[in-house]
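# Overview (structure and organization)
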Amino acid sequence: MAAAATNVGNTWINIGIFGAFVVVTLIVVFRVSRQNKSAADFYAGGRSFTGTQNGTAIAGDYLSAASFLGIAGAIAVNGYDGFLYSIGFLVAWLVALLLVAELLRNTGKFTMADVLSFRLKQRPIRMAAALSTLAVVFFYLLAQMAGAGGLVALLLGITDQAGQGLVIAVVGALMILYVLVGGMKGTTWVQIIKATLLIAGAGAMTIWVLALHGFNLSAVMQEAVNMSGDKGEAILEPGLQYGASALSQLDFLSLALALVLGTAGLPHVLMRFYTVPSAKEARKSVVVAIWLIGIFYLFTLVLGYGAGALVGPEAILAAPGGQNSAAPLLAFELGGEILLGIIAAVAFATILAVVAGLTITAAASFSHDIYASIIKKGQVSADGEVRVARWTVVVIGVIAILGGIFANGQNIAFLVALAFCVAASANLPTIIYSLFWKRFNTSGALWSIYGGLISTVVLIIFSPVVSGKPADPVTGLSKSMISNPAIDFHFFPLDNPGIVTIPLAFVLGIVGTFLSKERSHPEKYAEMEVRSLTGAGAEKAVSH
Amino acid sequence: MTDVGASGPVETDYQRVERSEEFQSLRRAFRNFVFPMTALFLVWYLLYALMSTYAHEFMSIRVAGTITVGLVFGLLQFVSTFVITTLYARWANNKFDARAQALREEIEGGQL
């Protein structure tokens, strides 16, 4: 049992607390979903959530395991450069607040494509928007499920592949149950409960860490410097993670761009704006989300340096989850088995809630955009559409489970950055143009969406994240996804293609628009513009 | 909601609203607020990202103890985000909503 030596905490406490979370959320999901009848109920929770509830759910959706465990770990090991991530993730919400949330709520129904097809040609635009939605969801989903395997190893002490696969299947099955029974309403409540637990838990740990150091952040950081070995004071300065070369600096700028422009194009974030009764509540959702997410990232700054100070980067990197284990190990250091159990359960709940949100988004996009609008040309009852959505949930759930088992242990952390990059390149330019540019047309949208999507995926495939990173002198394995250093087909030098693909997609939208002879529809643009700003004719809440 | 009907040379209700002075000034007010604000926070964020990437020495200057200029700059990004959020919400709640609501009622009541 070599693994047990590095494993901390009591597995049964971890499982018990997570089990309690599952029971409580299941009861809530069953209680709130008795009135799930219409499509608006299933996709948008009857549009009956308040801004505060929805804002909390947005935070629950957005603060994925990558941002909770990943950022705290990055700060613990690389110091300042880990902090850079969280700032991009937060500032990005201003794009959603100022340019997207309210206008989208006023003009759309369930999906991003509803807004785009308002004045562009329905079928091609829905197809393109649905494909890019499914691509973003797939990348994001795979990253979450693959992360689940590592988390299982860390928190439950299960190290063999079969055991981890079983836990991934259980998590996936639970998620399918939540979404099938609860629809958007149930999913939202799971996210609200999870966000509350996560922020409360992180807040308690933050105060604890600060209390141990006389409420002096500088003292926490000094302690982290003392523990950081040969890195020393470098953890206070930029450059440890991204400063190695001109190329890695450019890579960071590329990532920064994708983070700040990607959030407002993430389909599962956009869909949340339809769960409130009005644009005013959509605004309030984003305001609440920005405060919660911002405060949470301030906590992770303290937790990251706190883990560096109290646990030390050496112990963190030696643990089964590597960098991701910083927050759980800090919890154990502070509050022993019980606090570790709570943080472990919250981490599992995080995966569950984020995956549920992604799944319902993909189901809505497939069923509402592809099945109902393209295949059936709108000739389908709302019941039929929801039935297809439910089947889609099952299919996506199974894909998520298989993907999670297959990708378990693979080096695919880049997938989250990829999802943001696709969202920023394929989705955001078209959303902005269609809301604000009168001349914009279908051809411009198709050029921009497909151009952004294809260029991002192609550049990623031929980037160092897939093949061709130099071999590690110790293991002889490359740090790329394909770990055999002999296989190298990369020609694009950056890990993050955003700095190329985002401007490209914006330009393609303009070029495509001007190359087409498509007649413009001033009357449709007038309707969209008037509705988007005044809320006239917007979808109302379902009253029960 | 009014049925827009077939497009053509005939002006639709929405086009008439769009042309109205009330709507034009509402749109101007909205764009005059959100566009400069968007430019401001994007430039401010990109400045931070560029400095963190290319101005290591400046960002590493100690302000007090282990607190660096970079950390203060980063925390200021949080402050600016919270401030812009609050300014926008206050502006929209106090200055924008009532005008949008009035127009909406006129449209839905068929008075425009």
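Residues numbered from 1 in each chain as written. Chains lettered and ligands numbered in written order. Predicted model: local features only at pLDDT ≥ 70, side-chain atom pairs only at ≥ 80, totals over all residues.

- Per an unreviewed UniProt entry, chain A is named Cation/acetate symporter, and its organism is Promicromonospora thailandica.
- Recorded in UniProt under Sequence similarities (unreviewed entry), the annotation for chain A is "Belongs to the sodium:solute symporter (SSF) (TC 2.A.21) family."
- Comment text from UniProt for chain A, heading Subcellular location (unreviewed entry), reads "Cell membrane". (UniProt positions renumbered as here; feature names shortened; annotations may be inferred.)

## Points about the overall build of chain A
- Helix and strand counts for chain A come out as 20 helices and zero strands.
- Since a compact globule built from 544 residues should have a radius of gyration of about 24 Å, the 23 Å found for chain A is in line with a globular shape.
- Here the C-alpha coordinates of chain A stretch approximately 65 × 55 × 45 Å along the principal axes.
- A separation of at least 24 residues holds for 82% of the contacts in chain A among residues at least 6 apart in sequence. (Helix = DSSP H or I, 4+ residues; strand = E, 2+ residues; numbered from the N terminus. Rg over C-alpha atoms; globule rule 2.2 N^0.38 Å. Contact = placed C-beta atoms within 7 Å.)

## Points about the overall build of chain B
- Across its full length, chain B carries four helices and two strands.
- Helices and strands appear in chain B in the N-to-C order α-α-α-β-β-α.
- For a compact globule of 112 residues, the expected C-alpha radius of gyration is about 13 Å, and chain B comes in at 23 Å, more than 25% above that figure.
- When the 112 residues of chain B are sorted by exposure, 27% land in the buried category.
- At a minimum sequence separation of 6, the contacts of chain B that also span at least 24 residues come to 51%. (Buried ≥ 20, exposed ≤ 12 C-beta atoms within 10 Å, placed from the backbone.)

## Some words on the UniProt feature "transmembrane region" (unreviewed entry) in chain B
All names here are of chain B.
- As annotated in UniProt, the feature "transmembrane region" (unreviewed entry) corresponds to residues 33-51 and 63-89 in the numbering used here.
- Between the first and last C-alpha atoms of residues 33-51 the distance is 27 Å; the span itself is 100% helix and 0% strand.
- With 78% helix and 15% strand, the stretch residues 63-89 has end C-alpha atoms that lie 33 Å from each other.

## Description of the interface of chain B and chain A
- Taken together, the contact pairs 46 residues of chain B with 43 residues of chain A.
- For the side of chain B that touches chain A, the secondary structure elements donating two or more residues are α1 (13-19), α2 (21-54), α3 (56-59), β2 (67-68) and α4 (69-108) of chain B.
- Ranked by the residues each element gives to the side of chain B that touches chain A, the list is headed by α4(B), at 17 residues.
- Counted by class, the side of chain B that touches chain A contains 25 nonpolar, 16 polar and five charged residues. (Nonpolar A, V, L, I, M, F, W, Y, C, P; charged D, E, K, R; others polar.)

## Focus: the packing of helix α17 (residues 414-436) of chain A against helix α18 (residues 442-461) of chain A
Residues and elements named next belong to chain A.
- Contact geometry of α17 with α18 gives a least axis separation of 9 Å together with a crossing angle of 170°. Relative to α18, α17 is oriented roughly antiparallel. Here L418, C421, V422, S425, A426, P429, T430, Y433 and S434 of α17 lie close against α18, whose contacting residues are G444, A445, S448, I449, G452, L453, S455, T456 and I460. (Axes fitted to C-alpha atoms, helices over the stretch in contact; angles between N-to-C directions. Parallel < 35°, antiparallel > 145°, perpendicular 65-115°, else oblique.)

## Re the nonpolar core
Residue and element names in this part refer to chain A.
- Counting 232 residues, the largest nonpolar core has I293, A307 and L330 as its most contacted members.
- Ranked by residue count, the leading element in this core is helix α15 (residues 326-375), at 32 residues.
- Setting aside residues up to four positions removed in sequence, A307 forms contacts with A72, A76, I316, A326, A327, L329 and L330. (Core = buried A, V, L, I, M, F, W, Y, C linked by C-beta atoms within 7 Å.)

## Let's talk about unusual backbone geometry
Residues and elements named next belong to chain A.
- With a phi close to 50°, F215 is a non-glycine residue in the positive phi region.
- Its location among the elements puts F215 in the loop between α9 (161-212) and α10 (217-227).
- Overall, F215 belongs to the exposed group, with 11 C-beta atoms counted inside 10 Å.

## Details of α4(B)
- For α4(B), spanning 40 residues, the distance from its first C-alpha to its last is 54 Å, which sits close to the expected 58 Å at 1.5 Å a residue.
- Looking one or two places after α4(B), you find G110(B), whose phi comes out positive at around 75°. (Expected span 1.5 Å × (residues − 1).)

## Structural notes on helix α19 (residues 498-515) of chain A
Residue and element names in this part refer to chain A.
- Here α19 spans 25 Å end to end across 18 residues, near enough to the 26 Å set by a 1.5 Å rise per residue.
- If you check which residues of α19 are buried, you get G498, T501, I502, L504, A505, L508, G509, G512 and T513. Angularly, the buried residues of α19 cover 160° about the axis, an arc narrow enough to put them on a single face. Along α19, exposed side chains directed more than 90 degrees from the buried face belong to F514 and L515.
- Buried-residue contacts for α19 involve α11 (246-262), α17 and α18. (Arc of directions from axis to C-beta.)

## Points about the environment of L418(A)
Residue and element names in this part refer to chain A.
- By the secondary structure assignment, L418 is in helix α17.
- Residue L418 is classed as buried on the basis of its C-beta count, with 29 C-beta atoms lying within 10 Å.
- C-alpha separation for the pair L418 and V22, spaced 396 residues apart in sequence, amounts to 30 Å.
- Those residues in contact with L418, other than ones at most four positions away along the chain, are F139 and I460.

## Observations regarding the packing of helix α4 (residues 51-62) of chain A against α9(A)
Residue and element names in this part refer to chain A.
- Interaxial distance between α4 and α9 falls to 7 Å at its minimum, and their mutual angle equals 75°. One element, α4, and the other, α9, form an angle in the roughly perpendicular class. Here α4 contributes Q53, T56, A57, A59, G60 and D61 to the contact with α9, which in turn contributes T188, Q191, I192, K194, A195 and T196.
- Considering only residue class, the contact of α4 with α9 consists of four nonpolar, six polar and two charged.

## What about the environment of Y88(B)?
- Mapping Y88(B) onto the fold places it in helix α4.
- When the 20 C-beta atoms within 10 Å are taken as the criterion, Y88(B) is described as buried.
- Note: C-alpha distance between Y88(B) and L75(B) (13 residues apart in sequence) is 20 Å.
- Residues in contact with Y88(B), not counting those within four places in the same chain, are L97(A), L98(A) and M37(B).

## Topic: the confidence of the model for chain B
Residue and element names in this part refer to chain B.
- Mean pLDDT over chain B works out to 88, with 90% of the residues at or above the 70 mark.
- Across chain B, element-level confidence peaks in α2 with a mean pLDDT of 95 and bottoms out in α1 with 87.
- Contacts of residues 1-8 to residues separated by more than four positions or lying in other chains number 11 contacts, the stretch itself having pLDDT below 50. (pLDDT = per-residue confidence, 0-100.)

## Notes on the confidence of the model for chain A
Residue and element names in this part refer to chain A.
- Per-residue pLDDT for chain A averages 88, and the proportion of residues at 70 or more is 97%.
- Taken element by element, chain A is modelled with least confidence in helix α1 (residues 2-6), mean pLDDT 37, and with most confidence in α19, mean pLDDT 96.
- With pLDDT under 50 throughout, residues 1-6 is counted as low confidence; its partners more than four residues away or in other chains account for seven contacts.

## A closer look at the environment of L494(A)
All names here are of chain A.
- With respect to the helices and strands, the residue L494 is situated in the loop between α18 and α19.
- Along the chain, L494 and L453 lie 41 residues apart, while their C-alpha atoms are 17 Å from each other.
- Beyond its immediate stretch of four places on either side in the chain, L494 contacts L250, D251, S254 and S463.

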